[in-house]
Amino acid sequence: MTATDSSIRRVGVVGCGLMGSGIAEVCARSGLETLVHEVDAEALDRGRTRTTRSLARAFDRGKLTAEEHEAAVNALTFTTDLDDFADRDLVIEAVPEDEALKVHVFATLDRVVLRPDALFASNTSSIPVMRLGAATSRPGQVMGLHFFNPVPVLDLVELVPSLVTTDTAWERTHHFVTKVLGRHAIVSQDRAGFVVNSLLIPYLLAAIRMFESGFALAQDIDEGMVRGCAHPMGPLALADHIGLDTTLAVAECLYGEFKEPLYAPPPLLSRMVEAGQLGRKAGKGFYAYPAAAAR
């Protein structure tokens with residue numbers, strides 16, 4: 001799979017956490033010149049290490065040949081300066097799920113990305129795309145591209161055009177996702193939560209309320225869904241995997257848009273986030289995790 005049949009060859013990824021590093025990896029593995037941004041040198045080093053370790057694991061497991069591994073590593077460059085994104089054909093924002101932060105990133109990208117036909121995309125899991133596009137002078141070139149964690153493993157991408165996304169931007173983005181990256185795309189209207197999280201978050205919140213009320217133990221709730229409904233992971237373990245801070249942010253966004261009780265975050269979820277019990281990445285959530293899992 002190569003980028004030779006696409007007008008998108010130079011990609012920027014803003015943010016190199018769990019999601020951003022995964023997005024950068026799949027772009028690099030698809031033959032794209034991939035520039036990755038983080039806010040400072042320390043965060044950049046963590047992101048670079050996360051990305052290169054994932055590529056090394058793919059090679060060790062036979063998912064990449066030696067030549068493919070070398071090409072992907074060479075396709076990646078890293079920066080702390082968003083001005084370096086001036087020549088990008090597409091920039092994918094993958095910063096934390098904070099609307100004010102994302103709006104700031106899009107306003108900055110609008111200023112620094114010089115290509116008039118450049119596309120902007122957000123990996124937001126809940127924030128309406130129109131709010132982000134409105135921070136730019138070219139909202140017709142802004143889309144939602146919601147990948148799923150772990151990005152190198154899960155091939156789904158939600159495509160979310162806003163009310164003003166142009167047909168050209170839609171066609172280029174759809175081609176990029178399905179033909180260049182080889183991902184499976186589903187389409188959602190520009191509503192908070194899109195397709196997957198509009199269904200998933202109420203399920204996770206119901207499990208949290210069940211645990212909070214003392215109705216059942218965490219392990220029993222999760223085993224009920226794994227062994228009784230053939231889910232690969234129980235809801236509380238899944239919330240830990242996603243990150244309880246992200247789960248809370250998405251729930252708040254959904255509740256803010258729809259005002260429906262099923263989207264309202266349970267108090268326990270808010271208290272756990274305030275206590276820093278964010279799930280797997282913090283070493284503690286509904287379950288405890290070894291230090292290696294928290295990195």
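About the thresholds
- Residues numbered from 1 in each chain as written.
- Predicted model: local features only at pLDDT ≥ 70, side-chain atom pairs only at ≥ 80, totals over all residues.
- Heavy atoms only, no water.
- Helix = DSSP H or I, 4+ residues; strand = E, 2+ residues; numbered from the N terminus.
- Rg over C-alpha atoms; globule rule 2.2 N^0.38 Å.
- Buried < 20%, exposed > 50% of the residue type's maximum accessible area, 1.4 Å probe, protein only.
- Pairing = 2+ DSSP bridges.
- Axes fitted to C-alpha atoms, helices over the stretch in contact; angles between N-to-C directions.
- pLDDT = per-residue confidence, 0-100.
- Contact = heavy atoms within 4.5 Å.
- Phe/Tyr/Trp six-rings, centres within 6.5 Å; stacked < 30°, edge-to-face > 60°.
- Salt bridge = Lys/Arg side-chain N within 4 Å of Asp/Glu carboxyl O.
- Parallel < 35°, antiparallel > 145°, perpendicular 65-115°, else oblique.
- Nonpolar A, V, L, I, M, F, W, Y, C, P; charged D, E, K, R; others polar.
- Right-handed = clockwise from strand over helix to strand, strands pointing away.

Topic: the overall build of the protein
Next, step 1: In terms of regular secondary structure, the protein is built from 12 helices and 8 strands.
Next, step 2: The C-alpha atoms of the protein give 19 Å as radius of gyration, which agrees with the globular expectation for 295 residues (19 Å, within 12%).
Next, step 3: Counting only C-alpha atoms and orienting by the principal axes, one finds that the protein spans roughly 55 × 45 × 35 Å.
Next, step 4: Across the 295 residues that make up the protein, the buried fraction comes to 48%.

Here we look at the sheet that holds strand β2 (residues 33-37)
Next, step 1: Read across the sheet, 8 strands follow the order β3-β2-β1-β4-β5-β6-β7-β8 without closing on themselves; strand pairing throughout is mixed. Both edges of this open sheet fall to β3 (76-79) and β8 (184-187), since each of them pairs with a single strand only. In this sheet, neighbouring strand axes are inclined to one another by 25° on average, regardless of whether the strands run parallel or antiparallel.
Next, step 2: Of the pairings in the sheet, the one linking strand β5 (residues 119-122) to strand β6 (residues 142-147) comprises 3 bridges and is parallel in character. Opposite S122, over in β6, you have G144 as the bridge partner.

Let's talk about the confidence of the model for the protein
Next, step 1: Across the protein, the average pLDDT comes to 95, with 97% of residues at or above 70.
Next, step 2: Below a pLDDT of 50 lies the segment residues 1-5, which in the model reaches 16 contacts outside its immediate sequence neighbourhood of four places, other chains included.

A few points about the packing of aromatic side chains
Next, step 1: Taken as a whole and judged by the stated rule, the model has 3 aromatic pairs.
Next, step 2: Judged by centre distance (6.4 Å) and plane angle (80°), the rings of F106 and F120 are edge-to-face. Taken together, the residues F106 in helix α4 (residues 99-112) and F120 in strand β5 connect sequence positions 14 residues apart.
Next, step 3: Judged by relative accessible area, F106 falls into the buried class, the value being 0%.
Next, step 4: For F120, a relative accessible area of 1% corresponds to the buried category.

Things to note about the pattern of salt bridges
Next, step 1: Scanning all chains against the criterion turns up 16 salt bridges.
Next, step 2: Two residues, R10 and D87, come together in a salt bridge whose shortest N-O distance is 4.0 Å. Taken as a pair, R10 in strand β1 (residues 10-14) and D87 in the loop between β3 and β4 (90-93) lie far apart in primary sequence, 77 residues in all.
Next, step 3: Taken together, the salt bridges that share partners define one network made up of R10, E33, D87, R88, D89, R115 and D117.

Notes on the packing of helix α7 (residues 196-212) against helix α11 (residues 267-274)
Next, step 1: Here α7 crosses α11 at 90°, and the two axes come no closer than 8 Å. Here α11 runs roughly perpendicular to α7, going by the angle between their axes. Contacts between α7 and α11 involve L205, I208, F211 and E212 on the former and, on the latter, P267, L268 and L269.
Next, step 2: Taken together, the residues that form the contact of α7 with α11 break down as 6 nonpolar, no polar and 1 charged.

Notes on the pairing of strand β7 (residues 156-161)
Next, step 1: In this structure, β6 lies alongside β7, joined through 5 bridges in antiparallel fashion. Across the sheet, the residue bridging to H146 is E158, located in β7.
Next, step 2: Here β7 runs beside β8; their pairing, made up of 4 bridges, is parallel. Pairing of L156 across the sheet is with H184, part of β8.
Next, step 3: Handedness of the β-α-β unit built from β7, helix α6 (residues 167-180) and β8 comes out right-handed.

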